[in-house]
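This is what each chain is made of:
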Amino acid sequence: MKLVRTEEINIEEVLKILDNNGIIIYPTETLYGIGAKYNSKRNLKKIFEIKKRPEEKSFPLIVNLKHLEMVTEFIPSVAQKLIEKFWPGPLTLLLPARKNLPEEITKDGKIAVRMPGESFALKLIQKSPFPITATSANISGFPPADRIETVIEYFKEAPIDLIIDGGKLPGIPSTIVDTTVEPPVVIRKGAVELSFH
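These numbers come from a predicted model, not from an experiment. (Residues numbered from 1 in each chain as written. Predicted model: local features only at pLDDT ≥ 70, side-chain atom pairs only at ≥ 80, totals over all residues. Heavy atoms only, no water.)

It is worth spelling out the overall build of the protein at this point. Counting secondary structure elements, the protein contains six helices and eleven strands. A compact globule built from 197 residues would reach a C-alpha radius of gyration of about 16 Å, and the protein, at 16 Å, matches this within 12%. Considered along the principal axes of its C-alpha atoms, the protein spans approximately 45 × 35 × 30 Å. For the protein, with 197 residues in total, the buried portion stands at 54%. Relative to all contacts within the protein whose residues are 6 or more apart in sequence, the contacts with residues 24 or more apart total 67%. Total accessible area on the protein stands at roughly 9,700 Å², and carbon and sulfur atoms take up 51% of it. Averaging the locations of the 27 positively and 25 negatively charged side chains of the protein gives two centres separated by 1 Å. (Helix = DSSP H or I, 4+ residues; strand = E, 2+ residues; numbered from the N terminus. Rg over C-alpha atoms; globule rule 2.2 N^0.38 Å. Buried < 20%, exposed > 50% of the residue type's maximum accessible area, 1.4 Å probe, protein only. Contact = heavy atoms within 4.5 Å. Areas by Shrake-Rupley, 256 points an atom, 1.4 Å probe, with all protein chains shown as cover. Lys, Arg positive; Asp, Glu negative; His and termini not counted. Charge placed at Lys NZ, Arg CZ, Asp CG, Glu CD.)

Encoded structure:
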């Protein structure tokens with residue numbers, strides 16, 4: 001396991017690790033996330049094992065706008081408006097998933113995506129040719145990691161290729177909105193305040 005600070009990291013090297021089936025832990029603008037290439041079946045399974053996560057849960061992805069057509073059937077108009085208003089930022093949207101995506105990143109025909117706010121994660125995804133998983137860096141049932149010490153405590157024995165140290169993070173998770181239903185539903189309250197009435 002390699003530990004590098006964000007200011008010393010080369011993003012191209014991180015993308016090479018991901019493209020070669022590596023797993024990373026990286027800072028977003030909210031919490032630390034576990035990253036793998038979105039369609040790497042082996043690694044998606046491995047992350048479930050590392051997190052001891054229940055099978056029925058799926059992983060959210062970080063994306064840039066170009067990635068959306070790789071993972072979604074279409075963008076509902078309400079989602080388009082939310083994207084224009086809140087991305088980049090701590091807002092995760094459930095969108096209609098494309099067929100044939102790994103089951104680890106879809107649930108009930110939906111996929112959860114966001115473009116992170118100002119952070120290492122944003123710089124990473126802006127350069128990435130593919131979406132990256134963004135499930136929180138914790139063992140299932142334990143609090144998500146907002147500092148590097150917690151990340152190391154959780155994952156010191158895990159098969160992680162690279163941990164990127166972004167210091168202490170704000171720790172407020174992203175808001176999650178299901179835009180596949182009308183009106184949209186806030187699934188989890190978080191850093192962005194929204195209500196649909």
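Right, let's get into the packing of aromatic side chains. Under the counting rule described, the total for this entry stands at three aromatic pairs. Geometrically, the ring pair formed by Phe-142 and Tyr-154 is edge-to-face, given 6.0 Å between the ring centres and 65 degrees between the ring planes. Residue Phe-142 is located in the loop between strand 8 (135-136) and helix 6 (148-155), and its partner Tyr-154 is located in helix 6; the two are separated by twelve residues in the primary sequence. Overall, the relative accessible area of 47% leaves Phe-142 in the partly exposed class. (Phe/Tyr/Trp six-rings, centres within 6.5 Å; stacked < 30°, edge-to-face > 60°.)

The subject of this paragraph is the pairing of strand 2 (residues 24-27). Residues Ile-24 and Tyr-26 line one face of strand 2 and the alternating positions Ile-25 and Pro-27 line the opposite face, and both faces are buried. Pairing of strand 2 with strand 3 (residues 32-35), which is carried by four bridges, proceeds in the antiparallel orientation. Bridged to Tyr-26 within strand 3 is Gly-33. Across two bridges, strand 2 lies against strand 9 (residues 162-165) in parallel orientation. When the bridges of strand 9 are listed, Ile-24 appears paired with Leu-162. (Pairing = 2+ DSSP bridges.)

With that out of the way, let us pick up a negative patch on the surface. Taken together, the side chains of Glu-49, Glu-55, Glu-56 and Glu-103 make up a negatively charged region of the molecular surface. According to the relative accessible area criterion, Glu-56 is exposed, its value standing at 56%. (Patch = residues over 30% accessible without salt bridge, like charges linked within 9 Å, V, L, I, M, F, W, Y side chains within 5 Å. Salt bridge = Lys/Arg side-chain N within 4 Å of Asp/Glu carboxyl O.)

Here the focus is the sheet that holds strand 7 (residues 132-133). If you trace the six strands from one edge of the open sheet to the other, you get 7-4-6-5-10-11, paired in mixed fashion. A single partner strand is all that each edge strand has here, and the edge strands are strand 7 and strand 11 (185-188). For strand 4 (residues 61-62) and strand 6 (residues 110-114), the ladder comprises two bridges, and the chain directions are parallel. Bridge assignment links Leu-61 to a residue of strand 6, and that residue is Val-113. Lying over the sheet, helix 4 (residues 77-86) contacts strand 5 (91-96) and strand 10 (175-178), oriented at roughly 155 degrees with respect to strand 5. (Axes fitted to C-alpha atoms, helices over the stretch in contact; angles between N-to-C directions.)

Under the defined criterion, the tally for this structure stands at eleven salt bridges. Notably, a salt bridge pairs Asp-165 with Arg-5, separated by 3.5 Å at the nearest N-O pair. In this pair, Asp-165 is assigned in strand 9 and Arg-5 in strand 1 (residues 2-5), connecting sequence segments 160 residues apart. A relative accessible area of 10% means that Asp-165 is categorised as buried. The partner of Asp-108 in a salt bridge is Lys-107, with the nearest N and O atoms 3.7 Å apart. A relative accessible area of 40% means that Lys-107 is categorised as partly exposed. Taken together, the salt bridges that share partners define one network made up of Arg-5, Glu-7 and Asp-165.

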